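Here are the chains, one letter per residue:
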Amino acid sequence: MNAIQNALQSAGPQAAQIEQLWWLTLAVCAIAFVPTLGALLWSLWRAPRATEATPADTAIVSQPERRTRSVVVSAVVISGIGLAFLLLASVRTDHALAQLPLEDALNIQVTGHRWWWDIQYDDPDPSKIFSTANEIYIPVGRPVVITLLSDDVIHSLWVPNLHGKKDLIPGQTATMQIRADKAGTYRGQCAEFCGLQHAFMAFTVTALPAADFDAWRAAQLEPAAQPTDEKAKRGEQLFTSGSCMMCHAIQGTTANARMAPNLTHVASRRTLAAGTVANTPQNLAAWITDPQKIKPGVNMPAHHLPGGDLDALVTYLGTLK
Amino acid sequence: MTTNKRLSSSPAGRIPGNVTPGGALDVSGLPSYAFGPRSLMWWGTLGVIAIEATVFAMMVATYFYLRSQAPGWPLGVQPPLLVWGTVNTLILLASVVPNHFTKHAAESHDLAGVRLGMCLCILFALAFLVVRIFEFRSLNVAWDANAYGSAVWTLLGLHTVHLVTDFADSLVLAVLMFTGPLEGRRFVDVAENAMYWDFVVFAWLPIYAVIYWAPRF
Amino acid sequence: MTRRSQASVKRTAPAAGAAALLEQTWRDPPGLVGWLSAINHKSIGRRFIVSAFGFFVAGGLLAATMRLQLARPDNHLVGPDLYNQIFTLHGTTMMFLFAVPVMQAMAVYLVPLMIGARSTAFPRMTAYAFWMYLFGGLMIFAAFLLGMGPDAGWFSYVPLAGPDYGPGKRNDFWAQLITFTEVSGLLISIDIITTVLRLRAPGMTFARIPLFVWAMLVTAFMIIFAMPAVMLGSTMLIMDRLVSTHFFNYAEGGDVLLWQHLFWFFGHPEVYFIFIPGLGFMSAIIATFARRPVFGYPAMVMSIMATSFLAFGLWVHHMFATNVPELGKAFFTAMSMMIAVPTATQIFCWIATLATGRVNFRTPLLFVLGFFFILVIGGLTGLMLGSVPIDLQVHDTYFVVAHLHYVLIGGAVFPLFGAWYYWFPKITGRMMDERLGKWNFWLFFAGFNVAFYPMHHLGLAGMPRRVYTYPADMGWGPLNLLSTVGAVTIAVSVLLFIVNAVRSRRHGAIATDNPWGASSLEWAAASPPAAYNFLAPPVVGGREPLWEASKDVGAPTYVTGLALDVREALATTPLDARPDHRYIFPQPSIWPFVSAVATTIMFIASIFSPWAIVWGSLLVAVPVTAWFWPKRAETEKHLALEKRP
């Protein structure tokens, strides 16, 4: 089994609290299950055998059946105590989850779309706000407050190594607080059925040491690299004069639309189409040519470009690190 | 009027289990129908009332839930005009009179009284159905304008469905009371119809309050 | 009413003649029209059970297709659109067309027999309700086969199912199916409540009502108060889609979560409509195969009632991942934990019954034992899901799929299969094969656990629900393959059941009236029962009428004085079951069937146009009026028996 989208491989305090509650609850449940089934099996083993003809014992109900009653009552009382204990543990964990210290929190806004994640890094200084898609980067050890919005239907952000899920509900704003204490890349997936390609709406959360995160962020704030070679220049021209710019943005060019993933640093992403395929030139070419073949139902139409043009476009996009 | 009843006198056949054959319980002398909670129809009608009351309660809850999520209420429109709703409330309350007259006539096996009462009830039903049209027209919002409009139209519409079915039930029963074939049980049907009529009238009161008065506070 | 009837009532008759006459009076009319006109509760019950089983098999085939698709990562057996329709229809079929209706069907068949009655209270209405259910089910499958199947999940969340993101009529068919099944369920519930409260055999006081009958009574009450929420919600959904209302459109003051509240306010009690009858089966079967009454009758009854009340206070636990207020969520955690107490009480009482009884290990009991293992696990994972923090991790993952199948299959389907083996002799007059039964049980038990246990691990390991495929490098492949193997095993076990049932129907050992030596009244009737159930309707003197002599010293033991040539029965008082009056049931009639056809036309047409409600109502009014309108000849017969109160 994987370790990167796993609720029992917690990499931060929220998931760790939940994991702890999970093991405790599992233990209590096992303690309830074993004696109950044991009592049943023991009763069956011990009870005399009968057939349909064996006379039924109706006299037994006119007796007080004291011993049986005290056993049953004790069992119910013990179960009640166990339930109260679980309730207490659950409420305490609830409380702990709400107590994540939020000083110096990083603020991110995630908007769910069918079927990709729009990620905006907020900042009090508007010139330091930037957008990316499908890959979230956070600094290790620092709290992150994620604001959750939806552009269309209900989605759910779930990165189990870090926290439980929260729904992105159109018309409403929700928040989630997480912190990663271990560096690494954790995978998440949309966890509320959102239509045709719900199965392919994945994302990653990469936790970097503070210095690396700052470097990443600085790089993200940079506009797109200017193409130097002819093919890439041609690619840029195709991008900004064709239909691409009607949906996608590349900072530093005239392309400024927000209906589709921001492509300013697309070459630095590991996957395309929200985790559907690896980010390779071949996959990118296939995606541009006909996204419906890879992820049928997406909003992006096919673009059957002549071979040279396609090559140029892919080359250009490959420079956008 | 009792016909001589003879019993299937033999106790032969299935007697439960190993119980020693005991005496027979002769029920032939019991009445063949009964009014009020003694009748099965009363329980059936009560079941329908419970369901419909729950539907109304859920719709009222929906109204207030939407209101709790809204920045203002009603959503940018005027509340409904009071006049037609209030007139209809009065007509509905007044209809309780012929309704109960009919019920008592039925329970007294008074066929002439039942016939008269049902005709009066039908007249009241026509009146409140006509006024209901005016109510819809004076709601001051379309059902497709916003969620408030949708909620108000649905609330009024649900009650209207009950007015229509009440009218239809009563009409069919009224005709039957004139044409026959009649037996004692038909009086029970009339009495239970009266109970349903009461429900339709009294369920209206909180709905009236919600549609017409709640947006004014 | 002074007319005296010339119609004669059969007066004295020898016993044999009485039986023949009663049979003629109560049986279904002959021919195709007769079959469509039938209202005898056993006829309706049988076809209802068979229909529900048919939907179970259909739902199972849909599940098998899903499991085949998920058996390997990146599989292409079924694409996303078809998969989404399949899982939607699987859930919808199992919940709306199988699990709830089959329990109602069993009640329609068994309850009158268990309370010593000859019919349910409103047999024509129940016939209508059955046809509505069947037609609704046929509609949704027709839509699916025509490529118009709903695809937004069995819970149909908005905005996905709304006008903006659910184009075409797919989700309208779903919403209208709800209307069909809710009308059916609600009408049957009224029938069951009235039957249990007014038609019990004299002497069957509340304290003497069999536990299965209690379970169905409580379930019927729950249905009445829970189903309206989803009726209203699905109507709002159709209206949003058809006539542009804005209930769920946040841009015009609507609310997306309104749907979830309305749906789950119904949806959580719904699982108890399925579970509580299962509890009723458990009590009936355990008593018989432990050769003693269930321990703790008052506690058992109060547990069923407590469960039914608490069930209404849990619904937000389906919404823990939304942004409803946190304090509210904690309340629902507490309620979700609390509901375990009455169920635990019942479980301990049953174990006590088995521990102090003498055990007959036949197939019905095996299925009951399956409940203990499977349902208890499901209940414990339910406690986990009731905790908000844990739920936030495992909600909408395969962990929940595991949980829900453990509770529904363990808590309801295993007892149901046990019930079928138990009551098959009563319904058909033949015993099912024990050896095939044991194979059926063990294959089902093993197959179930192999299919569903791994899903707990898959959920914790990150696999969400409702995904048509998954990447190979997530490592979910092996457990999914194992689960599919389990699913195939379940299919084989169900096939064994079908083979057993079909063969036993023709060649099974002839059953006596009471082959299991059970205690409740249905076992006093013949196997299968005569059309009139009991020649001499019983008077009850205790909780276990076939096991002990009457506790009412000197009381009569059977009822006489009811007509033989008219469908006359005895209505008793609600609490003490004292004889109250004689009630004449309606004759078989084609009008419930025709009314159901007319209503179906109205409901389906209203998917396409709101005006269908108007002309459709007129269309429905005609057969419904004919249904009620008395016949002259029948009225004459009634007048001959009439006595004023």
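Treat the numbers as computed from the prediction; the structure is a model and nothing was measured. (Residues numbered from 1 in each chain as written. Chains lettered and ligands numbered in written order. Predicted model: local features only at pLDDT ≥ 70, side-chain atom pairs only at ≥ 80, totals over all residues.)

On to the overall build of chain A. Counting its regular elements, chain A contains seven helices and 12 strands. Taking 321 residues into account, the globule formula puts the C-alpha radius of gyration at 20 Å, and chain A, at 28 Å, lies well above it. Seen through its C-alpha atoms, chain A measures out along the principal axes to roughly 100 × 50 × 35 Å. Burial analysis of chain A (321 residues in total) assigns 41% to the buried set. Taking as baseline every contact in chain A between residues at least 6 positions apart, the subset at least 24 positions apart corresponds to 64%. (Helix = DSSP H or I, 4+ residues; strand = E, 2+ residues; numbered from the N terminus. Rg over C-alpha atoms; globule rule 2.2 N^0.38 Å. Buried ≥ 20, exposed ≤ 12 C-beta atoms within 10 Å, placed from the backbone. Contact = placed C-beta atoms within 7 Å.)

Turning next to the overall build of chain B. For chain B, the helix and strand inventory stands at five helices and one strand. In chain B, 79% of the contacts between residues at least 6 apart in sequence involve partners at least 24 apart.

A separate point is the sheet that holds strand S10 (residues 202-208) of chain A. Residue and element names in this part refer to chain A. With mixed pairing, three strands are arranged side by side in an open sheet as S4-S10-S9. Each of the sheet's edge strands pairs with one partner strand only, and the pair in question is strand S4 (135-139) and strand S9 (184-189). With direction set aside, neighbouring strand axes in the sheet form an average angle of 20°. Strand direction decides the pairing type here: S9 and S10, joined by six bridges, are antiparallel. Of the residues in S10, the one forming a bridge with Gly188 is Phe203. With respect to the sheet, helix H3 (residues 210-221) is in contact with S4 and S10, its orientation differing from that of S4 by roughly 135°. (Pairing = 2+ DSSP bridges. Axes fitted to C-alpha atoms, helices over the stretch in contact; angles between N-to-C directions.)

Below, the discussion takes up the sheet that holds strand S1 (residues 106-113) of chain A. Residue and element names in this part refer to chain A. With respect to topology, five strands assemble into an open sheet ordered S3-S2-S1-S5-S8, the strand pairing being mixed. Looking along the sheet, the strands with just one partner apiece sit at the ends: strand S3 (130-133) and strand S8 (174-178). Pairs of neighbouring strands in the sheet enclose a mean axial angle of 25°, with direction left out of account. Where S1 and strand S2 (residues 116-121) come together, six bridges link them in antiparallel fashion.

Looking now at the interface of chain A and chain C. In this assembly, 75 residues from chain A lie in contact with 74 residues from chain C. Elements that contribute at least two residues to the side of chain A that touches chain C include exactly helix H1 (13-46), helix H2 (66-97) and strand S7 (166-168) of chain A. Ranked by residues supplied to the side of chain A that touches chain C, first place goes to H2 of chain A with 15 residues.

As a further point, take the nonpolar core. All names here are of chain C. One finds Ile115, Val213 and Ile286 to be the most contacted residues of the largest nonpolar core, which totals 382 residues. At 24 residues, the largest contribution of residues to this core is made by helix H8 (residues 256-290). Val213 has contacts with Val111, Met114, Ile115 and Val196, leaving out every residue within four places of it along the chain. (Core = buried A, V, L, I, M, F, W, Y, C linked by C-beta atoms within 7 Å.)

For helix H5 (residues 184-213) of chain B, spanning 30 residues, the distance from its first C-alpha to its last is 44 Å, which sits close to the expected 44 Å at 1.5 Å a residue. Where H5 of chain B bends most, at Pro206 of chain B, the angle is about 30°. (Expected span 1.5 Å × (residues − 1). Bend = angle between axes of the 7 residues up to and from the residue.)

In this fold, Ala571 of chain C is placed in strand S2 (residues 568-572). As for Ala571 of chain C and Ala220 of chain C, which are separated by 351 residues in sequence, their C-alpha atoms are 20 Å apart. If we ignore the near neighbours within four places in the chain, the residues touching Ala571 of chain C are Leu40 of chain B together with Arg198, Leu199, Asp580, His581 and Tyr583 of chain C.

With that settled, the discussion passes to the confidence of the model for chain B. Scored by pLDDT, chain B has a mean of 90; 90% of the residues are at 70 or more. Taken together, the chains of this predicted complex give a pTM of 0.95 and an interface ipTM of 0.97. (pLDDT = per-residue confidence, 0-100.)

Looking now at the interface of chain B and chain C. On the chain C side, the residues contacting the 63 residues of chain B number 80 residues. Those elements giving two or more residues to the side of chain B that touches chain C turn out to be strand S1 (24-26), helix H1 (40-69) and helix H4 (147-179) of chain B. Top contributing element to the side of chain B that touches chain C by residue count: H1 of chain B, with 15 residues. Residues belonging to the side of chain B that touches chain C are distributed by class as follows: 35 nonpolar, 21 polar and seven charged. Where S1 of chain B lies against strand S1 (residues 558-560) of chain C, three bridges are found, and the strand directions are parallel. The partner of Leu25 of chain B across the bridge, within S1 of chain C, is Val559 of chain C. (Nonpolar A, V, L, I, M, F, W, Y, C, P; charged D, E, K, R; others polar.)

To continue, consider unusual backbone geometry. Going from Trp73 of chain B to Pro74 of chain B, the amide bond is cis rather than trans, its omega being -10°. Residue placement: Pro74 of chain B occurs in the loop between H1 and helix H2 (82-107). Residue Gly180 of chain B is joined to Pro181 of chain B through a cis peptide bond whose omega torsion reads 5°. Relative to the assigned elements, Pro181 of chain B resides in the loop between H4 and H5. Positioned with a positive phi, Ala273 of chain A is a non-glycine residue whose angle comes to about 55°. Relative to the elements of secondary structure, Ala273 of chain A occurs in the loop between strand S11 (271-272) and strand S12 (277-278). Even without being a glycine, Arg291 of chain C presents a positive backbone phi close to 55°. One can find Arg291 of chain C in the loop between H8 and helix H9 (297-310). In this structure Arg291 of chain C comes out as buried when scored by C-beta crowding, with 27 C-beta atoms within 10 Å.

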